[in-house]
Amino acid sequence: MAALEVGAAMTYVVKVRGAGGLVVAEYECPAHGRFEVTVQREANGDPPEHACCSFVDANGRWCDRLSPWRPSSVRGWVKRGEVQRGKSEAPEHPTWMSTRELGEGMSMAEWQAKRDKVWEEHDRKQDKELFG
Ligand SMILES: [Zn+2]
């Protein structure tokens, strides 16, 4: 599913606006189990409640299942509860956070390309961790 674009993979970090920057968080895909992904923090500093699984099968098909955040520590769970009390509108998909950029003049094609690059970068990182 991801576009086969190479190069400039890091530029999206510079372009992403708002919130508190990037953080590595753990999510659990219903099909593939836990995985770590670099996500953009929400305004409150926590990662999004959900991320899409970045597992890619032998046919190159991206899993993309919606996977809930799995804070790995007790401290994380406590913090999550605190966050939920004050949260009114949480994006269920991390890439939705970027849709605001469409309203700032970014073309759909550019946005889609950026979204793909986010996951390409993640896949590279995960492959490195899993297969060394
Ligand atoms: Zn999956």
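Residues numbered from 1 in each chain as written. Predicted model: local features only at pLDDT ≥ 70, side-chain atom pairs only at ≥ 80, totals over all residues.

Some words on the overall build of the protein
The criterion, for reference: By definition, any uninterrupted DSSP run of H or I lasting at least four residues is a helix, any uninterrupted run of E lasting at least two residues is a strand, and each is numbered from the N terminus. Any residue whose C-beta has 12 or fewer other C-beta atoms within 10 Å is treated as exposed, any with 20 or more as buried, and any in between as partly exposed, C-beta atoms being built from the backbone. Any residue pair is listed as a contact if its two C-beta atoms, each placed from the backbone, are within 7 Å.
A count of helices and strands for the protein gives three helices and four strands. A buried classification covers 16% of the 132 residues belonging to the protein. The contacts of the protein with a sequence gap of at least 6 include a subset with a gap of at least 24, amounting to 53%.

Topic: the nonpolar core
The cut-off we apply is this: In this usage, the nonpolar core is the set of buried Ala, Val, Leu, Ile, Met, Phe, Trp, Tyr and Cys residues whose C-beta atoms join them within 7 Å.
Counting residues in hydrophobic clusters, the biggest one holds eight residues: Ala25, Tyr27, Phe35, Val37, Val39, Ala51, Cys53 and Trp69. For this core, the secondary-structure elements that each account for two or more residues are strand E1 (22-29) and strand E2 (33-40). In terms of residue count, E2 provides more of this core than any other element does, three residues in total. Setting aside residues no more than four positions away along its own chain, Phe35 makes contact with Tyr27, Cys29, Cys53, Ser54 and Gln126.

What to know about the pairing of E1
Successive side chains on a regular strand alternate, one facing one side of the sheet and the next facing the other. Keep this limit in mind: Note on pairing: two strands pair once DSSP finds at least 2 bridges between them.
Sheet topology places E1 next to E2; eight bridges connect them, and they run antiparallel. Its bridge partner being in E2, Ala25 is matched across the sheet by Val37. The turn linking E1 back onto E2 is made up of three residues.

A few points about unusual backbone geometry
In the Ramachandran plot, Asp64 falls in the positive-phi region, its phi being about 65° despite a non-glycine side chain. Note on placement: Asp64 falls in the loop between strand E3 (50-52) and strand E4 (66-68).

Structural notes on the confidence of the model for the protein
The condition that has to hold: The score called pLDDT rates the predictor's confidence residue by residue, from a low of 0 to a high of 100.
Model confidence for the protein is summarised by a mean pLDDT of 72, while 61% of its residues fall at 70 or above. This stretch, residues 8-16, has a pLDDT under 50; its non-local contacts, to residues over four places away or in other chains, come to ten contacts.

Digging into helix H3 (residues 108-131)
In an α-helix there are 3.6 residues to a turn, and that puts residues three or four apart on one side. Selection criterion: By this rule the span expected of a helix is its residue count minus one, scaled by 1.5 Å.
An ideal rise of 1.5 Å per residue puts 34 Å on 24 residues; H3 measures up with 34 Å between its terminal C-alpha atoms. Taken residue by residue, H3 has Lys117, Val118 and Trp119 as its buried positions.

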